[in-house]
Amino acid sequence: MSGWTDELAAEHYRKLKMPPPDLANIDPGKAQTTTDLISWSESKPAPLRYVITSAPRTKKNSLRRLKRGNRTLSIPSAAYCAWHERALGQAYRIKAEMAAAGMALPIASRVTVVAVFYQDANRRADECGYMQALGDWLQDVGIVLNDYLIHWDGVEIRVDRAHPRIEFGVTL
């Protein structure tokens, strides 16, 4: 049980600055993307929303040190590398949804990203580390040209033991 309630959902969508999906008008027989579930006013463009279905991991908290001759190399933790590989497998679907929405990739201008990181355990979390990991992934898969173009407009960390994931929204 994730502990997700209507009250938490309302707070979640308020912080993401977006209305909740209209679940009453969803056709279960039609394949839909997350962007189909959101109705937006004409005055504010809808952020494109995506989900990476894997427990988030930080990149720089548990670096491994490798000695190569006289040099010591720092490489990301094994847990981050495993997360990155699983997330790479989902990049094609996410990039296809972005292309279908008319977004030219890689994005070479400022982009606003909101994100909710759902951990698989209730432990202390490094919000900055999660943002760096997602930003690096967005750059590695070719969604943004460089992660310094990302403006973070809201990040939350929650626990969902049954379905750890990263939900993020992108607005140009």
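Everything numeric in this text was worked out from a predicted model, so none of it was measured.

Draft legend 1. A look at the packing of aromatic side chains. For the structure shown, the criterion picks out 4 aromatic pairs. Each ring, one from Tyr50 and one from Phe168, has its centre 5.8 Å from the other, and the planes form 45°; the classification is tilted. On the criterion of sequence distance, the pair formed by Tyr50 in strand 1 (residues 48–52) and Phe168 in strand 6 (residues 165–171) is long-range, its members being 118 residues apart. By the burial criterion, Tyr50 is buried, and Phe168 matches it.

Draft legend 2. Representation of the side chain of Glu167. The residue Glu167 is located in strand 6 in this model. Of the polar contacts made by the side chain of Glu167, one reaches the side chain of Arg165; its length is 2.9 Å.

Draft legend 3. Focus on the pattern of salt bridges. Taken as a whole, this structure holds 7 salt bridges when the rule is applied. Residues joined by salt bridges that share partners form a network here, namely Arg57, Asp120 and Arg123.

Draft legend 4. Looking closely at the sheet that holds strand 6. Pairing in this open sheet of 4 strands is mixed, and the strands run 1-6-4-5 from one edge to the other. Looking at the sheet topology across the chains shown, the edges are occupied by strand 1 and strand 5 (150–159). Taking the axes of each pair of neighbouring strands and ignoring which way they run, one obtains an average angle of 15° across the sheet. Direction of pairing for strand 1 relative to strand 6: antiparallel, over a ladder of 5 bridges.

What counts, and where the lines are drawn
Residues numbered from 1 in each chain as written. Predicted model: local features only at pLDDT ≥ 70, side-chain atom pairs only at ≥ 80, totals over all residues. Heavy atoms only, no water. Phe/Tyr/Trp six-rings, centres within 6.5 Å; stacked < 30°, edge-to-face > 60°. Helix = DSSP H or I, 4+ residues; strand = E, 2+ residues; numbered from the N terminus. Buried < 20%, exposed > 50% of the residue type's maximum accessible area, 1.4 Å probe, protein only. Polar contact = N/O pair within 3.5 Å; in protein donor to acceptor, adjacent residues only side chain to side chain. Salt bridge = Lys/Arg side-chain N within 4 Å of Asp/Glu carboxyl O. Pairing = 2+ DSSP bridges. Axes fitted to C-alpha atoms, helices over the stretch in contact; angles between N-to-C directions.

Such coordinate-based values are descriptive only and should not be taken to indicate function.
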